[in-house]
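Reading the structure
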Amino acid sequence: MTIIKKVPDFYYFRNMKRTFHLSILSLLISFALNAQSAGRTDYIEKFKETAIAEMKYSGIPASITLAQACLESGDGKSTLAREGNNHFGIKCHGWKGGAIYHDDDKKGECFRKYKSPEESFRDHSDFLRYSDRYAFLFDLEPTDYKGWAYGLKSAGYATNPEYAKRLIQIIEENELYKYDTDIPQTMIPPSPASIERPVAVSWSIQLSRNIMSRNKVKYIVANGGETIKSLANELGLFQWEILKFNDLKKNAVINAGDIIFIEAKKKEAAEHIEMHVVEEGETVWSISQRFAVREEYIRKYNGLKKNIEPSEGTLLKLRKK
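Residues numbered from 1 in each chain as written. Predicted model: local features only at pLDDT ≥ 70, side-chain atom pairs only at ≥ 80, totals over all residues. Heavy atoms only, no water.

**Considerations on the layout of surface pockets**
Approximately 890 Å³ is the volume found for the largest pocket. What lines the largest pocket is a set of 30 residues, and nearest its centre among them are Gly89, Lys91, Gly156, Tyr157 and Ala158. Secondary structure elements with two or more residues in the lining of the largest pocket: helix 2 (62–73), helix 3 (79–84) and helix 6 (163–173). As a volume, the second largest pocket reaches approximately 480 Å³. Along its surface, the second largest pocket is lined by 19 residues, and Trp95, Asp123, Met275, Leu315 and Lys317 are the ones closest to its centre. Within the residue set of the lining of the second largest pocket, elements represented by two or more residues are strand 2 (109–113), helix 4 (117–129), helix 11 (295–302) and strand 8 (315–317). (1 Å grid on protein atoms, 1.4 Å probe; cavity = no way out; pocket = protein on both sides within 12 Å on 5 of 7 lines; lining within 4 Å. Points joined across faces, edges and corners; volume = space filled by probe spheres on them. Helix = DSSP H or I, 4+ residues; strand = E, 2+ residues; numbered from the N terminus.)

Written as structure tokens, this is what we have:
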């Protein structure tokens, strides 16, 4: 005969209670996940057109812009986004506008404060497009969001080792890549590196030098040992012309590898090179030589007095707007 043992009532009620708690917990988790998903969907819907417009302006994939904004701003819910319109966590670094202070790697760090979210999106575009450290990204295909994600991480945009994977996850879960393919290639600006690339104009037998061009301004590269006087004699120019064309002083020393313009520099940088993020050790003069823009105009566009140099991280205007 089989003996059936009756389970005490308290075991039954305890299991019922545990099941009830687990069900409530499951519902709460599900509710939280759905709320988060809805919040992200709303955020993407709100700023997708802005991201597409920035892709046309800068060449940064719209999917990358949106994924970074989602991640950096907590879908627009972070303190920086709510109180400073800063959707990308960009720190001050030479910023002349408003500021908001927030604990990050250090306590009370300075972050940029914007008048609107759209201003934050534009500054993000300029920060990436005109920083040398991110220049290589613009040579990638505009639909290569994975290359962009890993490139941003390798260039040091974020310290989180999972940063690239998190961007890719956001892009793929929300199908953000579809916004990259909606824009014709002809509407995306060329990469800064391709615009800056020197153009060989001719070979001068008389000078035994290559005549190069940047920003449609002709120049030569110094071999070393030249002086203003020797260059003027060699090029058939007056000494004052060499000095004026290159924003040089009378006692200037010419070093091997220096760019020497043989005609006047322009008032503005080449099209699609609107700005430049100042790197360590750069001066207005060195930037002037790099982009073939007269030093006086760079100072004018940026309100920089003579002998005042911009700090590292400053976004310098190179074209009149």
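**Overview of the pattern of salt bridges**
Two side chains that carry opposite charge are able to pair once their charged atoms sit near each other. What the rule picks out here adds up to 17 salt bridges. Residues Glu45 and Lys48 are paired through a salt bridge, measuring 3.2 Å at the closest nitrogen-oxygen approach. With Glu45 and Lys48 both in helix 1 (residues 9–58) and three residues apart, the pair spans about one turn of that helix. On the basis of relative accessible area, Glu45 is assigned to the partly exposed category, the value being 49%. Here Lys48 falls in the buried class, since its relative accessible area comes to 18%. Salt-bridge contacts for Asp104 lead to Lys91; the nearest nitrogen and oxygen are separated by 3.2 Å. Of this pair, Asp104 sits in the loop between strand 1 (98–102) and strand 2 while Lys91 sits in the loop between helix 3 and strand 1, and the two are 13 residues apart along the sequence. (Salt bridge = Lys/Arg side-chain N within 4 Å of Asp/Glu carboxyl O. Buried < 20%, exposed > 50% of the residue type's maximum accessible area, 1.4 Å probe, protein only.)

Read these as spatial facts, not as claims about activity.
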